[in-house]
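Residue-level listing of the chains:
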Amino acid sequence: MATRTGASISASILRLAVLSIAYRREIDGLRAIAVLPVVFYHAGLSWLSGGFLGVDVFFVISGYLITSLLIGDIQRGRLSIVDFYERRARRILPALFVVLAVTTCLAWIWMLPADLRVYSRSLSSVAVFLSNVFFFRNKDYFADEFDMHPLLHTWSLAVEEQFYLLFPLLLLFLFRRGTRTCIIGLTVLLLASLLLAQWTSENEPRAGFYLIYTRAWELLAGAICAFVPRQDKGRFSTVLPLLGMAGLLVSYVMFDRYTPHPSILTAVPVLGTVLVILFASQRDPVGALLSSRIMVWIGLISYSLYLWHYPLLVFAKIRSVPAPTPLTIASLVVLAFVLSALTWRFVEQPFRRRREGLFSRRGIFIGSAAISALVFSVGVLIFATDGAPDRKALRDLDLPRLTESLAPNRGLSNECNGRMPVPDSCATSESPKVAVWGDSFAMHLVVGLTAAYPELGVVQLTKSLCAPIAGIAFADRGRTGESPQACLDFSDQVLDYVTSTDSIDYVIVSSPFYYLFEPGGLAAVDGAMDPEGPQSTVLRNLEKTLERLVSAGKTLIVVSPPPSNGQNLGYCAVNAELRGADPDLCDYSFADIQPELLEVAEMLHQLEGRHKVVWLDRILCDADGMCRASDGTTAYYRDGRHLSKEGSRELGCRTGGWFLFGDEPSGPAGSGSAAVPANDRTCSQLQQNADLAQRDSNGE
C-alpha cells in the first residue's frame, strides 16, 4: 500500500512538472527583472547597488527551466544527453560567437599590447567555458571601477555550462532511484553548496563569487522548483508573488559590493525568485506585470542584452577621452538593446530551429567545435605575439613609453611587497637613511624620492593593501588573498626593523587608508573598535604607531594619497595621445575629488602640529582648482589613484624632494590652491648637483 501511494505521489509530481514546462510569459518577464538591474548596475546607476544580483536570478530561472525540460524528457522516456547538449549549443553559442567576434575586432583596433594580451587570455578561457576560473585568478569583480576586461561578464556563462555538463546525468541517476530520492538528493547538494558559499564569503570571497561549487545551490533552487506542483493557492497566489518581487527589489537596492555574497544573505533574492516562479501567474498583479508585452520582449532578448551591454560599456571607457559622459552611457545602453533585438531575431532564432545542412545536429556540433577551437587559437596567438605590438594602428607610437606609463609602479623592485627580512633589491644602501613604509601608495613614491635624491640610501618596506599601522589590518580576504594576520605580522616586523636600525633617520609613511573605512574592512588585533567608527580606530592606532617611531628618534613624514576623481586618469592621458586628443581633457576639478579622499584628508589634518603631513594635491592641483592628470607629455598616474613611474619621477624631480628636506609649499591642504615648490629643479639639474658633490668629495 505504501509503495503504491509513493508511486502515485511520484507520478502526480511528474505530471504536474510536465504541465509546468508549458510556455509561461511571466518567466520571460522575470528574465527582464534579472537583466535590467545588471545592465543599469554596470552603467553606473548608483542607487541600484545590488544590480549584480540579476545574475543570481538568472541562475534560478535557468535551473527551473532546464530541469523542467529534463523531467519531461524522462517521463516520456526519451531523455537524450546528445539532444540536451545540442539544445544548449543552439541556445548559447551562436550569439556568443557573434559578440566574441565583434569584441575581438574592437580589442585589436583599440587596445594597447599589454591590455590585448590580457584580453587574449580571457578570450581563450571563454572558448572552453573557464572564464570564471580565469577571472577568479586575475580579477576581483568588485575591486575597482577601472575595468578593462570586456569579457568579465562571461564568468556566469561558464558557471552555467559547468553545472550542466554533469547535471543531466546526475538527475537521471537520482530519478532511477525514485522521485523522492531525487528531491532529497538535490536538496542535500543545495545545502552543501550554500554552506560552502557561506564559508567562502568569510574566508575566500573571490572563490565564492566565481566558482561553480558556491553557485550550484542557486541553480539547484530553481531545479527543485520544477518538482513542485503549480496550482491555485487561493489568496496566497497573490501575496506570495508580491512577497517574492519585494525581496528581489529590496535586494537590488540594499545589497552592495560589501555585502557577503554569495552567502546566506543571498537567499533573499533567491527565495524571492523561487516565490515568483512557483506562484506567479497572469491572474495576479506580479504575473500580469511580468506578462506585459514590454517585459516579455525584454526577457526574450535578455541573453543577447547580457552579452552585448558589458563590452560596449568597457570599450567606451577604453576609447573615450575623458571618461564617457552619462549621455554617452545612456546611448550605449540603447545601442545594446538594438543590437540585442537584431541578434535575437537574426542569430538566436534561426539557430534554435533544427533544419538540414548548417543548422542540422551534425552541423551545429561540428561548427561549434570548429569555431570554439578557432576562438581559442586566436587567443593563444595574440598572447604568443605579446599583444601584437606591430599592429598598423600602433606603428607610429612610442609603445614602450606608453606601456611603461600604465605599468604597475612597485618602487625599487617587484620583490618589495611584504618581504621581510628586506630583500637586497629593496634597499639602495646597506645603511639606509630613509625608510618608506606603507602599501602601494608608498611604493609609488620611491621612484620620485630616489630621482630627487639619488645619493640617499633608501629602504622600501611596503605591502599591498597593508597600511603602515600596527595593530590593525584590512579584513577583506577577497582583495588581499590572505588572512589579515599576514599584514599584522608584517607591520610588527617593519616596526622592529625601523626602530632597531640606527642609520634610519627619516620614515615616510603613506596609504590612502580609506579601504580600512569600508564596512567590514577593519580587523583589529585586539578586536576593539572605537564607538565613533572605523575612522577613529584607524586614527588612534596610526597615532600610536607614529609616536612609537618618534620615541625611537625617527623623523616622521606622512604623505597623503594623490587627488583623484574616480576615473582612470592614467589611461585617459595615454588614450589622449593615442587618439590625438588634448591631454588637458583628462584634468578635473578639485570639487570632483572622491568623497573617501576627503575623509582621509580630514583624518590626516588631525595629525598636523605633531607630525609633518605632505599634501600631494598641492603639487597636482593649481590655483584655479584644476588637478592635472599629466603635464602634456608625462602621465602622472598609472591608473585612477597611483602615480606612474614617470609621473613619480617627474614630480620628485620637479619638487626636488621638498617633502623630505625642502620648505613646504604654501596654501591650505585639501583646497586645491596653488603651490609652487620651494626647490623647483629638473632631474638633469639634480643629477648635475649630485655629480658635482661626488667630484668635490673625491677632491676633483
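The present account deals with the structure reproduced in this document. (Residues numbered from 1 in each chain as written. Predicted model: local features only at pLDDT ≥ 70, side-chain atom pairs only at ≥ 80, totals over all residues. Heavy atoms only, no water.)

1. Focus: the pattern of salt bridges
Here is step 1: For the coordinates displayed, the defined rule picks out 28 salt bridges.
Here is step 2: Note that Arg 215 and Glu 218 form a salt bridge whose closest N and O atoms lie 3.3 Å from each other. Just as Arg 215 is buried, Glu 218 falls in that class too.
Here is step 3: Between Arg 628 and Asp 587 there is a salt bridge whose closest N-O contact spans 2.7 Å. Taken together, the residues span a long stretch of sequence, with Arg 628 in the loop between β9 (626-627) and α26 (645-655) and Asp 587 in the loop between α23 (569-579) and β7 (588-589) at a distance of 41 residues.
Here is step 4: Among the ionic contacts, a cluster of salt bridges with common partners joins Asp 83, Glu 86, Arg 90 and Arg 361. (Salt bridge = Lys/Arg side-chain N within 4 Å of Asp/Glu carboxyl O. Buried < 20%, exposed > 50% of the residue type's maximum accessible area, 1.4 Å probe, protein only. Helix = DSSP H or I, 4+ residues; strand = E, 2+ residues; numbered from the N terminus.)

2. Overview of the layout of surface pockets
Here is step 1: Its boundaries defined by the atoms lining it, the second largest pocket holds a volume of some 1000 Å³.
Here is step 2: Considering the residues around the second largest pocket, the lining is formed by 36 residues, among which Arg 31, Leu 65, Ile 66, Arg 91 and Arg 352 are closest to the centre.
Here is step 3: Elements with a minimum of two residues in the lining of the second largest pocket: α2 (25-42), α3 (54-75), α4 (81-110), α7 (155-175), α14 (293-300), α15 (302-319) and α16 (326-352).
Here is step 4: No other element matches α3, which puts 10 residues into the lining of the second largest pocket. (1 Å grid on protein atoms, 1.4 Å probe; cavity = no way out; pocket = protein on both sides within 12 Å on 5 of 7 lines; lining within 4 Å. Points joined across faces, edges and corners; volume = space filled by probe spheres on them.)

3. Overview of the environment of Ile 382
Here is step 1: Secondary-structure assignment places Ile 382 in helix α17 (residues 361-384).
Here is step 2: Under the relative-accessibility criterion, Ile 382 is labelled buried at 6%.
Here is step 3: Each C-alpha atom, one on Ile 382 and one on Val 118, is 9.5 Å from the other, the two residues being 264 residues apart in sequence.
Here is step 4: When sequence neighbours within four positions are dropped, the list of residues in contact with Ile 382 reads Trp 108, Leu 116, Ser 120, Gly 387 and Ala 388. (Contact = heavy atoms within 4.5 Å.)

4. Concerning the sheet that holds strand β4 (residues 506-510)
Here is step 1: In space, the five strands of this open sheet follow the order β2-β1-β4-β6-β8, with parallel pairing throughout. With partners counted over all chains shown, the strands left at the sheet margins are β2 (458-462) and β8 (612-614), one partner each. Strand-to-strand twist of the sheet, defined as the mean angle between neighbouring strand axes without regard to direction, takes the value 20°.
Here is step 2: By the bridge criterion, five bridges tie β4 to strand β6 (residues 555-559) in an arrangement that is parallel. For Ser 510, the partnering residue across the bridge sits in β6 and is Val 559. (Pairing = 2+ DSSP bridges. Axes fitted to C-alpha atoms, helices over the stretch in contact; angles between N-to-C directions.)

5. A short note on the side chain of Thr 104
Here is step 1: Residue placement: Thr 104 occurs in helix α4.
Here is step 2: Not counting chain neighbours up to four residues away, the residues in contact with Thr 104 comprise Tyr 119, Leu 123 and Val 378.

6. Details of empty space enclosed by the protein
Here is step 1: Under the counting rule described, the total for this entry stands at five cavities of 30 Å³ or more.
Here is step 2: In this structure, the largest cavity encloses a volume near 120 Å³.
Here is step 3: As for the largest cavity, its lining consists of 14 residues, and the residues nearest its centre are Pro 561, Pro 563, Leu 597, Ala 601 and Asp 617.
Here is step 4: It is helix α24 (residues 595-605) that contributes the most residues to the lining of the largest cavity, four residues altogether.
Here is step 5: Looking at the lining of the largest cavity, its residues break down into 11 nonpolar, two polar and one charged. (Nonpolar A, V, L, I, M, F, W, Y, C, P; charged D, E, K, R; others polar.)

7. Topic: unusual backbone geometry
Here is step 1: Between His 261 and Pro 262 the backbone carries a cis peptide bond, its omega angle lying at -5°.
Here is step 2: Note that Pro 262 resides in the loop between α11 (236-254) and α12 (267-279).
Here is step 3: Cis geometry is adopted by the peptide bond preceding Pro 421, which originates at Met 420 and carries an omega value of 0°.
Here is step 4: Mapped onto the secondary structure, Pro 421 falls in the loop between α18 (399-406) and β1 (434-438).
Here is step 5: A positive phi angle, close to 50°, is found at Ala 388, a residue other than glycine.
Here is step 6: Position of Ala 388 relative to the elements: it lies in the loop between α17 and α18.
Here is step 7: The class of Ala 388 is buried, set by a relative accessible area of 9%.
Here is step 8: The phi torsion at Leu 465 lies on the positive side, around 55°, for a residue other than glycine.
Here is step 9: Judged by its relative accessible area of 22%, Leu 465 falls in the partly exposed class.

8. Examining the pairing of β4
Here is step 1: Taking burial as the measure, the five residues of β4 include five buried ones, the bulk of the element.
Here is step 2: Side chains Tyr 506, Ile 508 and Ser 510 of β4 all project onto a buried face; the interleaved residues Val 507 and Val 509 project onto the opposite face, where all are buried too.
Here is step 3: Pairing of β1 with β4 involves five bridges; the strand directions are parallel. Bridge pairing in β4 places Val 434 opposite Tyr 506.

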